[in-house]
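In case you want the letters, here they are:
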Amino acid sequence: MANFHRLPVARGRPVRFTFEGAPVDSFAGETLATALLAAQVGAFGHTREGNPRLPFCNMGTCFDCAVQVDGRGLVRACLTDVVEGMVVNMQEIK
Amino acid sequence: MTAHFDTIIIGGGLLGCATAWMIAREGGRVLLLERDQINQHASGSNAGSLHFQLEYRMIEGGLDKARKAAEAMPLHLDAAELWADLPRLTAEPIVVKQTGGLMIAETADQVRLLEQKTEIERAWGLDNRMIDRAGIERIAPYLSDRVIAAAHCTTEGKADARTAGPAFARAALAAGAHIRTRSEVRALSRRGRGWSVVAGSDESPQTLQADTVVIAAGVWTTRMGQMMGADLPTIPLALMMTVTQRMAPLIGHLVQHAGGRLSLKQALDGNILIGGGWPARLLRDAEGTPDFDAKPQLEASSLAGNARIAMGVLPRLAGVPALRSWVGTTTITPDQLPLVGPVPGCPGAFVATGGSAFTLGPSFAQALAALVAGRQPLTDLRSFDPARYAKG
Amino acid sequence: MHDVAIVGAGPAGMAGALQLARAGLSVVVIDEQARAGGQIFRRPPEEFGVRHGQYRPYGWARDLIEDFEEHPLIETRFRQTVFGILRDPEGQISLAVSDGQRGTRIKARRVLLATGAYDMPVAFPGWTLPGVMTAGAVQSLLKSQKLLAGRQIVVAGSHPIQLILAAQLLEAGADLAAIALARDLPGFLEMARTLPAIPGNVSIFTEALRAMAVIARHRVPLLRRTLISAVEQTGEGPLRISLRKVDAQWRPVGTAREFEADVLALGYGFTPSTELARQAGCALSWHSAGGGWTVQHDDNFRTGVQEIFVAGEQTGVAGAGRAHAEGLVAGQAIAHSLGVGADPLEVNRAQALLKSSERFAGVMQTMFEPNRTALADLSHHSATVICRCEEITSGQLEDALTCNPFLTSASAAKLECRTGMGVCQGRYCEGTVAARIAMHHNTQIAQAGHFNAHLPVKPVPLGAYGDLDH
């Protein structure tokens, strides 16, 4: 189990959104990838063969962090800033 | 050093590989020469549609032109049967799904055009029937309610263009054919009763001999004809296709449109393939000769136009990620009928190309194999005889 | 219509933009990140209340970023993806750009591609497990998002940046189980040979030495000539990371040692991001020490496509100093091609920087070139995934190569077995596939070639296409 945690520095105002229906607390300026990793989410999605995926490159090239945001598919969590109320889900098929 | 073969086939696309297989399994000593890799050009970069109805490009110019194009229908009917049998005959996993095709209409004019078109096709023996809105809702509920009628051809469908060419190549190897890739043909000349073929790299070309030569070279057909001193006119058409991310099964048919350029289907892998004849730009030299080695350029108008017509009949596509848009360059002939038969003035040389060459590939290959063996082809090829363009 | 559109706001893109803006030309710079800086200068977001991050050892970065951000003639578009380069029938070139939903085109008289590089992918058993990450991912999470990836971390690679990453992680409070370097540390002779290349780049060596001191102080096992071999995980337990001793050719000697960690950070080098250049029709050349396929260009950094220039890692991965210098020279050349001369003093300065960075880069590249064959061999077990997206295994690729003996190129392999056909567009398997083909046919990697790059170079919704002719 990966063990990601925020360093104690000043962050933006609190931002709350949902992932797979559960509330996630984060801070303005964080990416979706950071917020989900800090929430100890064990998989951002699964491959067709059912293997879990977490961010691999964190720079927008590998697409392992892709999620569904407000109904839009293949959104890279590492390039998406958290927004209050956004509805995030795992992708149906990677 | 020279080597002698019964037949040298020029071109390692679907047609060349299928022809090599058909000749080799009859016992012919076959060498296939490919300048690049097997299946890399039009054969591997078309969308794999098996369309037996007249396509939009054949009906957009009016009914007279449609009637002319329909002369190729016997080849289509052969192809419909051949494709179904190829996985068994080659013992290769060629993926063929003949789950039916729909040419759809959104306006009363398009419905009328479809009705006239199906009449022409049925006269040639193609089973293509009109279905109404209720019929569409029953068999293709995924389509937008803007679609009011369709021509439904049950034998249409798709084959996997990605893997069909190599499958024929493997079958050809298993039947004893030889294949050389990265081996460009540089000269063709008559020698005795056969042909001398210079092929290979610039540094180490090799001279090969064969009794017969088959040109299965797609856009390079005209150039091969020039090497032989024959006029084989072809018109290159650079066409764009787009593939989306994989999706759960949604589209069961090959979908075409009576009022615009669209082909839409879902590959077995789940990706949706979108095309339909949207042009890309071939790069040309100062004299206007197309450069087939340069990558054709995509047109913004085609990207937008193709996406819009697809989203029009299937609105949820707007949110589906596109993965790749690429260009395949196919050939057509001045009268839009294929070019299949002996190369004029060149005994022992045969050619096939021109329009729908993926769909018709097996039919072309069957005809070429018969010609090479000196047999009468099963289908009457007179309408496709290259001699119709011979000068003088 | 802009005079120049620049893709990438890293050191090369920023330097180029400033040269052009100072020449009075209108510039638009597009980048997927939220702020300028590129991967090398990733910094905390504005919302965290700080303007700058930590740019050590690049003293010039702060001024470059400030000048770039404050110049009125530079327009920036962040969080946008350039997904292709198009040309109108009239010959006008434009960038196809998406915000993830809609599409638009940006027309410009010239284009500067400064798209940088990404961590070179290495396929081995377990590289797709959650918690296995690139060094760049671990470092950017730390530098920019102030997120520490894991309590217990293993750092494995061959690039010197691994030492700097290790020190940064230690200083942030991580516990490093091991640092595994495939190479030896540079020896005395090697160091002596590099000295002529150092002038102007002393701070980089100072930084490496500082990192070594931090690592020593924390008593982290620094394993030399040690290569990653596999990662396993049971349930949600820790990653069990196998590291193996190798010889000078990176061939395994002896048995593997296992370490437990939450995260494995991999850094075996960098791959230039050449997809846009490829899609636009620019020619590439193979330059293994420079990261693999690089974009061909002339002395003015102009590619074979008249309007398109390149600068930075795409010309051969050589670090931020080199990218900065190339950006300056390319910017001046572009201005010149648009009929605007540059200040001779600036030209001299840029040429001097280019020259000094060239020597340094050359030495660094030669010293740290990855052993591609040894790395590709890590995927030899048939069950090892090669293509992360389509989950194509090493065995499937080998079967395809065996059953199709006529198949000798990366592009043909892609078509035959779907490797590279997924959402990353082949970025994470191309190198492995080409190396495996070369091994299979006993040829060179360059012979196997590269995948074709198509529009969109990163997936965009089909809806974004529908806007392209507006």
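Residues numbered from 1 in each chain as written. Chains lettered and ligands numbered in written order. Predicted model: local features only at pLDDT ≥ 70, side-chain atom pairs only at ≥ 80, totals over all residues.

Asker: How should I be thinking about the overall build of chain A in this particular structure?
Answerer: Helix and strand counts for chain A stand at one helix and eight strands. When its helices and strands are written in sequence order, chain A yields β-β-β-α-β-β-β-β-β. By its C-alpha atoms, chain A is 40 × 25 × 25 Å across when sized along the principal axes. Burial analysis of chain A (94 residues in total) assigns 51% to the buried set. Contacts spanning at least 24 positions in sequence make up 40% of the contacts within chain A whose residues lie at least 6 apart. (Helix = DSSP H or I, 4+ residues; strand = E, 2+ residues; numbered from the N terminus. Buried ≥ 20, exposed ≤ 12 C-beta atoms within 10 Å, placed from the backbone. Contact = placed C-beta atoms within 7 Å.)

Asker: How should the overall build of chain B be read in this particular structure?
Answerer: A count of helices and strands for chain B gives 11 helices and 19 strands. The C-alpha atoms of chain B give a radius of gyration of 21 Å, which matches the 21 Å a tight globule of 392 residues would have. Viewed in the frame of its principal axes, chain B has a C-alpha envelope of about 65 × 45 × 40 Å. Sorting the 392 residues of chain B into buried and exposed places 57% on the buried side. The long-range share in chain B, meaning contacts at least 24 apart out of those at least 6 apart in sequence, stands at 72%. (Rg over C-alpha atoms; globule rule 2.2 N^0.38 Å.)

Asker: Whenever I open this one, the interface of chain B and chain C confuses me. Can you help?
Answerer: Think of interface size as the accessible area that goes away when the parts come together; that is how it is often given. Opposite the 34 residues of chain B that make contact, chain C presents 28 residues. For the side of chain B that touches chain C, the secondary-structure elements that each account for two or more residues are α8 (161-174), β13 (235-246), α10 (300-313) and β17 (321-332) of chain B. Considering only residue class, the side of chain B that touches chain C consists of 17 nonpolar, 12 polar and five charged. Pairing analysis gives two bridges linking β17 of chain B to strand β23 (residues 460-461) of chain C, with the strands arranged antiparallel. Bridge pairing in β23 of chain C links A322 of chain B to V460 of chain C. (Nonpolar A, V, L, I, M, F, W, Y, C, P; charged D, E, K, R; others polar. Pairing = 2+ DSSP bridges.)

Asker: How should I be thinking about the environment of K97 of chain B in this particular structure?
Answerer: All names here are of chain B. Along the chain, K97 falls in strand β4 (residues 96-97). Overall, the presence of 20 C-beta atoms within 10 Å leaves K97 in the buried class. Sequence separation between K97 and V351 is 254 residues; the distance between their C-alpha atoms is 28 Å. Apart from the residues within four sequence positions on either side, K97 is in contact with G157, K158 and L268.

Asker: I would appreciate a short explanation of the pairing of strand β15 (residues 252-261) of chain C in the present structure.
Answerer: The side chains of a regular strand alternate, first on one face of the sheet and then on the other. Residue and element names in this part refer to chain C. Here strand β14 (residues 239-246) pairs with β15 via seven bridges, running antiparallel. From the neighbouring strand, L239 faces β15, where its bridge partner is A261. Hairpin connection from β14 to β15: five residues lie between these consecutive antiparallel strands, with W250 at a positive phi of about 65 degrees.

Asker: Looking at this structure, how should I read the packing of helix α1 (residues 11-22) of chain C against helix α2 (residues 61-70) of chain C?
Answerer: Any two packed helices are characterised by how steeply their axes cross, that is the angle between the axes, and by the distance between the axes. Residue and element names in this part refer to chain C. One can describe the packing of α1 onto α2 by two numbers: an axis separation of 10 Å at closest approach and a directional angle of 55 degrees. It follows from the interaxial angle that α1 and α2 lie oblique. Considering only the axes of α1 and α2, their crossing is left-handed. Of the residues in α2, those touching α1 at P11, M14, A15, A17 and L18 are L64, I65, D67 and F68. Tallied by class, the residues present in the contact of α1 with α2 amount to eight nonpolar, no polar and one charged. (Axes fitted to C-alpha atoms, helices over the stretch in contact; angles between N-to-C directions. Parallel < 35°, antiparallel > 145°, perpendicular 65-115°, else oblique. Left-handed = near helix turned anticlockwise from the far one by under 90°.)

Asker: Whenever I open this one, the interface of chain A and chain C confuses me. Can you help?
Answerer: Listed per partner, the contact involves 43 residues of chain A and 41 residues of chain C. Where the side of chain A that touches chain C is concerned, the elements lending two or more residues are β1 (4-6), α1 (32-38), β5 (52-53) and β7 (72-76) of chain A. For the side of chain A that touches chain C, the class distribution of residues is 22 nonpolar, 12 polar and nine charged. In the sheet, β1 of chain A pairs with strand β9 (residues 147-149) of chain C via three bridges, with the strands oriented antiparallel. Paired with H5 of chain A across the two strands is L148 of chain C, which belongs to β9 of chain C.

Asker: It is not clear to me how the sheet that holds strand β5 (residues 101-105) of chain B should be interpreted in this structure. Could you clarify?
Answerer: Within a sheet, adjacent strands bond to each other through the backbone by hydrogen bonds, running parallel or antiparallel. The strand order β6(B)-β7(B)-β5(B)-β14(B)-β15(B)-β16(B)-β13(B)-β17(B)-β23(C) describes an open sheet built from nine strands, whose pairing is mixed. Strand pairing shows two members of the sheet lacking a second neighbour, β6 (128-132) of chain B together with β23 of chain C, which therefore form its edges. With four bridges joining them, β5 of chain B and strand β14 (residues 254-257) of chain B adopt parallel strand pairing. Within β14 of chain B, the residue paired with G101 of chain B across the bridge is L254 of chain B.

Asker: Even after reading the chapter, I still don't get the nonpolar core, so can you show me in this structure?
Answerer: Burial of nonpolar side chains together is a common tendency in soluble globular proteins. Counting residues in hydrophobic clusters, the biggest one holds 326 residues, and the most contacted among them are I8, I10 and A172 of chain B together with I153, A166 and L264 of chain C. When residues no more than four places from it in sequence are discounted, the contact partners of A166 of chain C are V155, L176, I179, A211, I215 and V220 of chain C. (Core = buried A, V, L, I, M, F, W, Y, C linked by C-beta atoms within 7 Å.)

Asker: Looking at this model, I keep getting lost on unusual backbone geometry. Mind explaining?
Answerer: As a rule of thumb, non-glycine residues mostly have phi less than zero, and peptide bonds are mostly trans rather than cis. Cis geometry marks the peptide bond from R56 of chain C to P57 of chain C, where omega comes out at 5 degrees. Omega for the peptide link from L455 of chain C to P456 of chain C comes to -5 degrees, which places this bond in the cis form. Located in the positive-phi region is Q336 of chain B, a residue other than glycine, with phi close to 65 degrees. A residue is classified by how many C-beta atoms lie within 10 Å of it, and Q336 of chain B, with 20 of them, is buried. The phi dihedral of K146 of chain C is positive, around 55 degrees, even though this residue is not glycine. Mapped onto the fold, K146 of chain C is located in the loop between α3 (135-143) and β9. Among the residues examined, K146 of chain C registers 23 C-beta atoms within 10 Å and is labelled buried.

Asker: So what exactly am I meant to see when it comes to the sheet that holds strand β8 (residues 157-159) of chain B here?
Answerer: All names here are of chain B. Read across the open sheet, the three strands follow the order β3-β8-β4; overall the sheet is antiparallel. At either margin of the open sheet sits one strand with a lone partner, and together these are β3 (49-50) and β4. Pairing geometry for β4 and β8, over two bridges, is antiparallel. Opposite K97, over in β8, you have K158 as the bridge partner.

Asker: How should the environment of V351 of chain B be read in this particular structure?
Answerer: Residue and element names in this part refer to chain B. Among the structural elements, V351 can be located in strand β19 (residues 349-353). For V351, a count of 31 C-beta atoms within 10 Å gives the class buried. Residues V351 and V30, 321 residues apart in the sequence, show an inter-C-alpha distance of 16 Å. Residues within four places of V351 in sequence aside, it is in contact with I215, T221, L232, L339, V343 and P386.

Asker: For this particular structure, what's the right way to read helix α11 (residues 361-372) of chain B?
Answerer: One turn of the α-helix equals 3.6 residues, which is why residues spaced by three or four share an orientation. In this model α11 of chain B runs 16 Å from its N-terminal to its C-terminal C-alpha over 12 residues, within 8% of the 16 Å that 1.5 Å per residue would give. All of the buried residues along α11 of chain B are G361, P362, S363, F364, A365, Q366, A367, L368, A369, L371 and V372 of chain B. (Expected span 1.5 Å × (residues − 1).)

Asker: Explanation requested: the pairing of strand β3 (residues 22-27) of chain A in the structure shown.
Answerer: Residues and elements named next belong to chain A. Relative to β3, strand β2 (residues 14-19) is paired through six bridges, and the arrangement is antiparallel. Across the sheet, residue V15 finds its bridge partner in β3, namely S26. The loop that links β2 with its antiparallel partner β3 comprises two residues; one of these, E20, has a positive phi angle of about 50 degrees.

Asker: I would appreciate a short explanation of the environment of P44 of chain C in the present structure.
Answerer: Residue and element names in this part refer to chain C. Looking at the secondary structure, you find P44 in the loop between β2 (27-31) and α2. P44 sits in the buried class, given 23 other C-beta atoms within 10 Å. Counting along the chain gives 59 residues from P44 to G103, while the straight-line C-alpha distance between them is 28 Å. Setting aside residues up to four positions removed in sequence, P44 forms contacts with V50, G53, S144 and K146.

Asker: Can you help me understand helix α9 (residues 221-228) of chain B in this one?
Answerer: Residue and element names in this part refer to chain B. Taken together, the buried positions of α9 are occupied by T221, M224, G225 and M228. Angularly, the buried residues of α9 cover 100 degrees about the axis, an arc narrow enough to put them on a single face. In the segment just after α9, G229 is the residue with positive phi, at about 80 degrees. (Arc of directions from axis to C-beta.)

Asker: For this particular structure, what's the right way to read the confidence of the model for chain B?
Answerer: Residues shown with low pLDDT carry predicted positions that ought not to be read at fine detail. In this model, chain B carries a mean pLDDT of 95, and residues with pLDDT of at least 70 account for 99%. Here the predicted complex carries an ipTM of 0.97, next to a pTM of 0.96. (pLDDT = per-residue confidence, 0-100.)

Asker: Help me understand the packing of α1 of chain C against helix α8 (residues 319-337) of chain C in this model?
Answerer: All names here are of chain C. At a minimum axis separation of 7 Å, α1 and α8 run at an interaxial angle of 30 degrees. Between α1 and α8, the angle falls in the class roughly parallel. Two packed elements cross with a definite hand, and for α1 against α8 that hand is right-handed. Side by side, α1 and α8 meet where P11, A12, G13, M14, A15, G16, Q19 and L20 of the first sit next to A320, A323, H324, E326, G327, L328, A330, G331, Q332, I334 and A335 of the second.

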